[in-house]
Amino acid sequence: MNRILEDVIHKNAATVERITSENTAGYVVADNTANAVAETSFDNTGAQAIVKHLHGVLVTSCQSVIRDLDPTNKLCFLRVATRKFEYLVAPEEYFTITVVQ
């Protein structure tokens, strides 16, 4: 895990606790440089699936669409609601955070 990601995780420990204490099924923090799970509250299989599908396919596609519509714009937040869960995705340069409610 890269140093920037470790610093962000440790500096935001209180926020992570708040997010996980409310009506949250879990969270995943993914390292964008390695496309791997950095920290998660899910089991490894579920976390890898979120990284592979949400971060790898959906976020990348949405970022591409935003750039196609306006090259000066950037995707900051993605919210996907399903029947069972809601996925809140915040992509950054070095990492992507996903919260499942």
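About the cut-offs
- Residues numbered from 1 in each chain as written.
- Predicted model: local features only at pLDDT ≥ 70, side-chain atom pairs only at ≥ 80, totals over all residues.
- Heavy atoms only, no water.
- UniProt positions renumbered as here; feature names shortened; annotations may be inferred.
- pLDDT = per-residue confidence, 0-100.
- Helix = DSSP H or I, 4+ residues; strand = E, 2+ residues; numbered from the N terminus.
- Pairing = 2+ DSSP bridges.
- Buried < 20%, exposed > 50% of the residue type's maximum accessible area, 1.4 Å probe, protein only.

- The name given to the chain in an unreviewed UniProt entry is Dynein light chain roadblock, with the source organism recorded as Drosophila pseudoobscura pseudoobscura.
- UniProt lists a comment for the chain under the heading Sequence similarities (unreviewed entry), and it reads "Belongs to the GAMAD family."

### What about the confidence of the model for the chain?
Point 1. Summary statistics for the chain give a mean pLDDT of 81 and a share of 83% for residues scoring 70 or more.
Point 2. For the chain, per-element mean pLDDT is lowest for helix 2 (residues 13–21), which scores 67, and highest for strand 3 (residues 78–81), which scores 90.

### Here's the deal with the pairing of strand 3
Point 1. With 4 bridges connecting them, strand 3 and strand 4 (residues 86–91) associate as antiparallel partners. Within the sheet, the bridge partner assigned to Val 80 lies in strand 4 and is Tyr 87.

### Describing the pairing of strand 5 (residues 95–100)
Point 1. Counting buried positions along strand 5 yields 5 of 6 residues, so the element is predominantly enclosed.
Point 2. Alignment of strand 1 (residues 26–31) against strand 5, held across 6 bridges, turns out to be antiparallel. Following the sheet pairing, Val 28 is matched in strand 5 by Thr 98.
Point 3. Inspection of the sheet shows strand 4 paired to strand 5 by 5 bridges, in the antiparallel sense. Across the sheet, residue Leu 88 finds its bridge partner in strand 5, namely Val 99.
Point 4. Linkage of strand 4 to strand 5, two consecutive antiparallel strands, is achieved through a turn of 3 residues.

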